[in-house]
Structures are given as structure tokens and as C-alpha cells.
Amino acid sequence: MSDRACPVLAVVVPCYNEEDVLPETIRRIRQQLDRLMQAKKIDENSFMLLVDDGSGDNTWPIIAAYHERDAAVRGIKLTRNVGHQHALLSGLMYAKQAADCVISIDADLQDDVEAFGEFIDRFQEGCDIVYGVRADRKEDTWFKKGTALAFYRLMRKMGTPVIYNHADYRLMSARALEQLASYRESNLFLRGLIPQLGLRSSVVYYHRYARFAGESKYPLRKMLSFAWNGITSLSVAPIRLVLSLGLALFGFSIAASAYALVSHGRGAAVPGWTSIMLTCSLLGGIQLISLGVVGEYVGKVYKETKRRPPYFIETTADEQTPRAAVRAYPALEDDRRSAELLQ
């Protein structure tokens, strides 16, 4: 059982090309850990775990340099870029070995780290999962607000249990992580998967800020792909929708055939090239869309049956890694934000 009175907390941060924001991210998270330790809310062995998702910049050297100076800053480097969800999962599974509870947060500092204390309060009250939910969307454009609302409504209508305005900012207990580890899915959508664990949960509302530095890793194309993956990973509703559409068209074709026969019997049938072309185009388009939806599910089944490991860890920077053996990041010495942390 976890020690809920003064738990060992791990903060898991997936990182992909985050060299611009990473020093500030580490500073703020370390600051929050120190405050919670001083308030006796978490154990002194609490730490942050930064997951380098195959970055092509100085993300890993920065992580390694901070670990060399501070044992509470730990990291794992994946052999290649596996995407946000699998990178986050790798960090959760790695951190659960040494923590009573884990908070996951993105590296861009849009999620408010000041909410850590409330997460711990809910955990100490007995919750195994605590969702960080945005209090408002004042910073978003009308387009992003509208598409986000449509996304959550669509997910729920498709039978996927998602928390409105919740991304991947959450706390999970060791018990919840053990249950999550029993899932062996290649097509991963944690926002919809975690609510299915059925454990006691709560919500913490927070204000979301603009990205501190760097560029967003989720342009519109990736957001649409992420939404589609979430729907098809956890729901068969699209397949059923295709079936319903097929039945509706079958009923329409029966009615149209009956009308054509009656018209022919009355001698009122007028051959029409336009109507034939429109009908063929409509049916052909629907058939191709239907095949695409079915093919998407077949492809996912194909991936699942292979049972390939979703990620591999290339190297680590943790309590078992001699800090002197970790390659330092030269620019760290001249970074003022880093100097504040190191002091």
C-alpha cells in the first residue's frame, strides 16, 4: 500500500525537442517539490523523471547535466521517437517502481505546476486518480474552443469515457499504475483508457497558460490524427456507423427501385444520365469511406497481434547511474535560470 500521509512523489515529464523550455521547466518543478517537502506533504526522496522521446536537439544533454548536479532530477532516453503517449507510458512504468504516486505533466509549462499541492491533497484523501482539468479556455482562439468542444462531445457519443477539458495532466497512485500496466495495447490513448480503470477519482481545476518557449508539437494535422486514434482505439462506433449507413442506403435503394418500377409501368420513366452519375458517385464514395474505416480497424488489429514492444530505453540518468559518468551540457554553466536551480 502507498504511504498516503507523506508519499514519494514522481513527476513524469515527456520531452521532445524541448531544449528551449527545459531549464525553466526543471527549475519550476524542483521548486514545487521543495515546497511540498518543506510542508511535509511528500517524502524527501521524491523526484522528477524527464523522458527524452528521441529528441534531435540538446534535450538529453540538458537532462544529464541537471542529474549530475541534482539527484532529484532523473531521466530516461528512448532509442527513438515513439510519440507522446508511449513516451509518457514509459515514464509512468519506470517511475512506479520507486514512487507511491506519479504526476504527469508536459514540458511546455502550459499546465500550472502550482496545482501539485492540490493533487497531493486529493491523493491523501484516498483518490487513486486525480485529473487536472482546465478551469477555462480564455487563451484559446474561437476555432480551438469550438474544435475542442466538438472533440469531447464526439468522443463521448462514440462511447469513449473522456474527462472534459482534461489532457494528460493527472496524478495516479501506485495501485492505478499497476492496473494500467496490465493493458498491453499498441494503439494507446491514455485519456480514454485511464477512466476505464474504475478507481476512485477526483478533479483539480487549474488555469492553463501560453507555452513558455519553443514550438507546439501538436499542429492541426497531428491533433486530428490524435483524435481519430483515440476514437478508433477505444470504440467500435465508427464500424457500427458504417453498418447503419449501409442499412439506410439499402432501404433507400429498395424505395428507389420500387419508384422506378412503378414509373416504368406507367410509362413515365425518363432516362437520365445525371441521376445515374450522381447515384454512382454517391455510392462509390460511401463504399470507399466504409472500406477506409474498416481498413483502419484491420490495421490496428494487425499491429496488436504483432505484440511489438512500444519503446526501448537507450540509457538512464537516475539514482543507480553514477552522476559523474553522465555527460554534462556545456552551455548549462552560462544559463542564469539553471544557476538559480543549482544554487
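Before any of the text, the structure's been laid out above.
Attention here is on the structure that accompanies the text. These figures come from a predicted structure and were not determined experimentally.

Conventions used here
- Residues numbered from 1 in each chain as written.
- Predicted model: local features only at pLDDT ≥ 70, side-chain atom pairs only at ≥ 80, totals over all residues.
- Heavy atoms only, no water.
- Helix = DSSP H or I, 4+ residues; strand = E, 2+ residues; numbered from the N terminus.
- Buried < 20%, exposed > 50% of the residue type's maximum accessible area, 1.4 Å probe, protein only.
- Contact = heavy atoms within 4.5 Å.
- Areas by Shrake-Rupley, 256 points an atom, 1.4 Å probe, with all protein chains shown as cover.
- Salt bridge = Lys/Arg side-chain N within 4 Å of Asp/Glu carboxyl O.
- Expected span 1.5 Å × (residues − 1).
- Pairing = 2+ DSSP bridges.
- Axes fitted to C-alpha atoms, helices over the stretch in contact; angles between N-to-C directions.
- Left-handed = near helix turned anticlockwise from the far one by under 90°.
- Nonpolar A, V, L, I, M, F, W, Y, C, P; charged D, E, K, R; others polar.
- Core = buried A, V, L, I, M, F, W, Y, C linked by side-chain atoms within 4.5 Å.
- Phe/Tyr/Trp six-rings, centres within 6.5 Å; stacked < 30°, edge-to-face > 60°.
- Lys NZ or Arg CZ within 6 Å of the ring centre and 35° of its normal.

1. What about the overall build of the protein chain?
Reasoning step 1: Helix and strand counts for the protein chain stand at eleven helices and eight strands.
Reasoning step 2: A burial count over the protein chain gives 46% of its 343 residues as buried.
Reasoning step 3: Residue pairs in contact within the protein chain that sit at least 24 positions apart in sequence constitute 84% of those at least 6 positions apart.
Reasoning step 4: Working note: accessible area of the protein chain is about 18200 Å², and carbon and sulfur atoms make up 57% of it.

2. What about the pattern of salt bridges?
Reasoning step 1: For the structure shown, the criterion picks out 14 salt bridges.
Reasoning step 2: Residue Arg 30 pairs with Asp 70 through a salt bridge whose shortest N-O separation is 2.6 Å. You can see Arg 30 sitting in helix H1 (residues 22–38) and its partner Asp 70 sitting in the loop between helix H2 (59–69) and strand S3 (73–78), a full 40 residues away along the chain.
Reasoning step 3: A residue is classified by how much of its surface remains accessible, and Arg 30, at 14% relative accessible area, is buried.
Reasoning step 4: Across the pair Lys 77 and Asp 52 runs a salt bridge, and its minimum N-O distance is 3.3 Å. Of this pair, Lys 77 sits in strand S3 while Asp 52 sits in strand S2 (residues 47–52), and the two are 25 residues apart along the sequence. Each of the two residues, Lys 77 as well as Asp 52, counts as buried.

3. Looking at helix H3 (residues 84–95)
Reasoning step 1: A rise of 1.5 Å per residue sets the reference length of H3, with its twelve residues, at 16 Å; its end C-alpha atoms lie 16 Å apart and thus fit the reference within 8%.
Reasoning step 2: Counting buried positions along H3 yields eleven of twelve residues, so the element is predominantly enclosed.
Reasoning step 3: All of the buried residues along H3 are His 84, Gln 85, His 86, Ala 87, Leu 88, Leu 89, Ser 90, Gly 91, Leu 92, Met 93 and Ala 95.

4. Here we look at H2
It helps to recall that an α-helix has 3.6 residues per turn; residues three or four apart then point in one direction.
Reasoning step 1: In terms of residue burial, H2 counts as a mostly covered element, since nine of its eleven residues are buried.
Reasoning step 2: Every buried residue of H2 is listed here: Thr 59, Trp 60, Pro 61, Ile 62, Ile 63, Ala 64, Ala 65, Tyr 66 and His 67.

5. Structural notes on the pairing of strand S4 (residues 101–104)
Reasoning step 1: Taking every second residue as pointing to the same face, both faces of S4 are buried, with Cys 101 and Ile 103 on one and Val 102 and Ser 104 on the other.
Reasoning step 2: Of the strand pairs in this sheet, S4 and strand S6 (residues 166–173) are connected by four bridges, and their pairing is antiparallel. Counted as the bridge partner of Ile 103 is Leu 171 from S6.

6. Quick notes on the sheet that holds strand S7 (residues 201–206)
Reasoning step 1: Taken together, eight strands build an open sheet; the order of strands is S7-S5-S6-S4-S1-S2-S3-S8 and the sheet is mixed. Edge strands, defined here as strands with exactly one partner in the open sheet, are S7 and strand S8 (313–317). Within this sheet the neighbouring strands show an average axis-to-axis angle of 20 degrees, counted without direction.
Reasoning step 2: Pairing of strand S5 (residues 129–134) with S7, which is carried by six bridges, proceeds in the parallel orientation.

7. Structural notes on the packing of H1 against H2
When two helices pack together, their arrangement is given by the angle between the helix axes and by the axis-to-axis distance.
Reasoning step 1: At a minimum axis separation of 10 Å, H1 and H2 run at an interaxial angle of 35 degrees. Between H1 and H2 the crossing geometry is right-handed. Contact residues: Leu 22, Pro 23 and Ile 26 in H1; Thr 59, Ile 62, Ile 63 and Tyr 66 in H2.
Reasoning step 2: Of the residues that constitute the contact of H1 with H2, the class distribution is six nonpolar, one polar and no charged.

8. What to know about the nonpolar core
Reasoning step 1: One finds Leu 9, Val 11, Ile 29, Leu 50 and Phe 116 to be the most contacted residues of the largest nonpolar core, which totals 36 residues.
Reasoning step 2: For this core, the secondary-structure elements that each account for two or more residues are strand S1 (9–15), H1, S2, H2, S4, helix H4 (116–124), S6 and S7.
Reasoning step 3: If you tally residues by element for this core, the top one is H1, at six residues.
Reasoning step 4: If we ignore the near neighbours within four places in the chain, the residues touching Val 11 are Ile 29, Leu 33, Phe 47, Met 48, Leu 49, Ile 103, Ile 105 and Phe 116.
Reasoning step 5: Among the nonpolar cores identified, the runner-up in size contains 31 residues, and Ile 76, Leu 89, Leu 92 and Leu 197 belong to it.

9. Observations regarding the packing of aromatic side chains
Reasoning step 1: Counted according to the given criterion, the structure contains three aromatic pairs.
Reasoning step 2: Through a chain of ring-to-ring contacts, three or more aromatic side chains come together here, namely Phe 116, Phe 119, Tyr 169 and Tyr 206.
Reasoning step 3: Above the ring of Phe 123, the side-chain terminus of Arg 4 is found at 4.4 Å from the ring centroid.
Reasoning step 4: The ring centre of Phe 47 lies 3.9 Å from the NZ or CZ of Arg 74, which sits over that ring.

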